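Geometric and topological summary
Chain residues, written in single-letter form:
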Amino acid sequence: MTRINREYKIHSSALSICFGDITTSSAEVIVSSDDTLCTMGGGVSGAIKRAGGEQIYNDVQKCIPAALGDVVITTAGILPQKYVFHCVTLDYYAAPPEDDLRDYIIRSAMEKCMKMLAPLNVSSIAFPVIGTGLARFSLEKVCVNMVEVITEFLFNTNKSYRIEIFLFKQPTEQNIMESLSLFEAVAKAIDRYQYKAENHLPTASKPSAPMPVNHLKMAVQSPLEAHDVFVSYSRKNMDLAMLFCQQLDEMGIRYWFDIDGSYSGENFKDVLVDAIDNTRIMVFLSSKESNESLNVRKEISLAVSGRKRILPVRLDDTPYAKCIRYDLSDIDWIDYTPENHDSVMQKFRLCIQMYLQGTQS
């Protein structure tokens, strides 16, 4: 039986801090914290595997390897829930992450979980305190990151959701004291967002830190390396760009992606020309920022003059810059919205496959 220790009202939604076994939650989704190979061998993931049966493990194994900060969605086996969200917080084969990357991992996974509720037509989800088991993330920092993402999401939606965060199976004097950081994080986040809402201030929280380039499996390190896709984007859209790079990772397609401006020195122009010359497709992530970028405009022009296939993905409703519109006026695009994430990514993968087949000699 779920024991609710404390409940907070946020607009028409409820956020509950619970003691109990997460597998007994009545939420439609339960969340697991797992490693990049989704072994389901940890505390919470192991408990979900034991309660839900081997079907969950068999389903999640179809999606490995997964990236840190990613979320793999499976059925719930014999459990009454509709889905299990597997948050990837641990890589056994990599060095322990620095604090910034830990923050990114938690916030990225949490944001993806919350954004998937509407597309899956579910209104309730139960989380453990992800990353605090075998990954050994700081309980206090994880609590702050989880609560900030949840609170921002609930303050910016008109739908009603029931969110649960499970702490320990049984409340004791010691673990209740350890949980004070979570209670405090919730109270502070609600106060902060309530103040912003009442004073009509923006409620967006600090953006997640980008994942380091060595965590992108199929990104090439040199413009002369063989690659099929060049990703043209504005670094102000880093988080969204990473979503499309992760799709290319899962497809096993090598691509060029300048994640941190490391080629912004004297050889920047040479590197870009080489990277575009050696690609087969350009993915253009169109946004207000990318259409204002002089470098992006030049990348589009180089791709057109080099007769490269271009796949535009519109991240917002910003019209193309005039010079870009001239080059792309007869090319169809994909519209991305978080609400249609799954269908958009499916269309993106299909277009990439079709474009690659069309460029084969």
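Let me begin by describing the structure that accompanies this report. (Residues numbered from 1 in each chain as written. Predicted model: local features only at pLDDT ≥ 70, side-chain atom pairs only at ≥ 80, totals over all residues. Heavy atoms only, no water.)

Our focus in this paragraph is the overall build of the protein chain. Regarding its fold elements, the protein chain presents 12 helices and 12 strands. Looking at the protein chain as a whole, 50% of its 361 residues qualify as buried. Restricting the contact set of the protein chain to residue pairs at least 6 apart, pairs at least 24 apart contribute 69%. As presented, the protein chain carries roughly 17,500 Å² of accessible surface, and 50% of it is formed by carbon and sulfur atoms. (Helix = DSSP H or I, 4+ residues; strand = E, 2+ residues; numbered from the N terminus. Buried < 20%, exposed > 50% of the residue type's maximum accessible area, 1.4 Å probe, protein only. Contact = heavy atoms within 4.5 Å. Areas by Shrake-Rupley, 256 points an atom, 1.4 Å probe, with all protein chains shown as cover.)

Moving on: unusual backbone geometry. The omega torsion of the bond from Ile64 to Pro65 falls at -5°, within 30 degrees of zero and hence cis. Position of Pro65 relative to the elements: it lies in the loop between helix H2 (54–60) and strand E4 (71–74). Of note in this structure, Cys38 is not a glycine but carries a positive phi near 50°. With respect to the helices and strands, Cys38 occurs in the loop between strand E3 (29–35) and helix H1 (43–52). In this structure, Met40 is a non-glycine residue whose phi angle is positive, near 55°. If you trace the backbone, Met40 turns up in the loop between E3 and H1.

Our next topic: helix H10 (residues 294–305). Side chains of residues three or four places apart in an α-helix project in the same direction, reflecting 3.6 residues per turn. In this model, H10 (12 residues) spans 17 Å end to end at C-alpha, consistent with the 16 Å of a helix rising 1.5 Å per residue. Inspection of H10 places Val296, Glu299, Ile300 and Ala303 among the buried residues, and these make up the whole buried set. Axial view of H10: buried residues confined to an arc of 100°, hence all on one face. Looking at H10, the residues exposed on the side facing more than 90 degrees away from the buried face are Leu294 and Ser305. Here H10 starts with a cap whose side-chain oxygen sits 3.4 Å from the backbone nitrogen of Asn295, and that cap is Ser293. Downstream of H10 by one or two residues, Arg307 has phi in the positive range, about 60°. (Expected span 1.5 Å × (residues − 1). Arc of directions from axis to C-beta. Polar contact = N/O pair within 3.5 Å; in protein donor to acceptor, adjacent residues only side chain to side chain.)

The element strand E5 (residues 83–90) is extensively covered by neighbouring structure, given that 7 of its 8 residues are classed as buried. In the sheet, E3 pairs with E5 via 7 bridges, with the strands oriented parallel. Bridged to Ile30 within E5 is Val84. Where E4 lies against E5, 4 bridges are found, and the strand directions are antiparallel. For Val72, the partnering residue across the bridge sits in E5 and is His86. (Pairing = 2+ DSSP bridges.)

Taken together, Tyr92, Tyr93 and Leu134 make up a surface patch of nonpolar side chains, about 420 Å² in accessible area. Here Tyr93 lies in the loop between E5 and helix H3 (99–115). (Patch = residues over 30% accessible without salt bridge, like charges linked within 9 Å, V, L, I, M, F, W, Y side chains within 5 Å. Salt bridge = Lys/Arg side-chain N within 4 Å of Asp/Glu carboxyl O.)

Under the definition given, this model contains 11 salt bridges. Two residues, Glu225 and Arg254, come together in a salt bridge whose shortest N-O distance is 2.7 Å. Of this pair, Glu225 sits in the loop between helix H6 (180–198) and strand E8 (229–232) while Arg254 sits in the loop between helix H7 (238–251) and strand E9 (255–256), and the two are 29 residues apart along the sequence. Judged by its relative accessible area of 32%, Arg254 is partly exposed.

We now examine the environment of Cys38. Judged by relative accessible area, Cys38 falls into the buried class, the value being 0%. Counting along the chain gives 52 residues from Cys38 to Leu90, while the straight-line C-alpha distance between them is 9.4 Å. The residues contacting Cys38, other than those within four sequence positions of it, are Tyr57, Val60, Gln61, Ile64 and Val72.

The sheet built from 5 strands is open, its strands ordered E9-E8-E10-E11-E12 with parallel pairing. Two strands close off the open sheet at either side, each with one partner strand: E9 and strand E12 (334–335). Across 2 bridges, strand E11 (residues 309–314) lies against E12 in parallel orientation. Across the sheet, the residue bridging to Arg314 is Asp335, located in E12. Running over the sheet, H10 touches E8, strand E10 (281–286) and E11 and is turned about 150° from E10. (Axes fitted to C-alpha atoms, helices over the stretch in contact; angles between N-to-C directions.)

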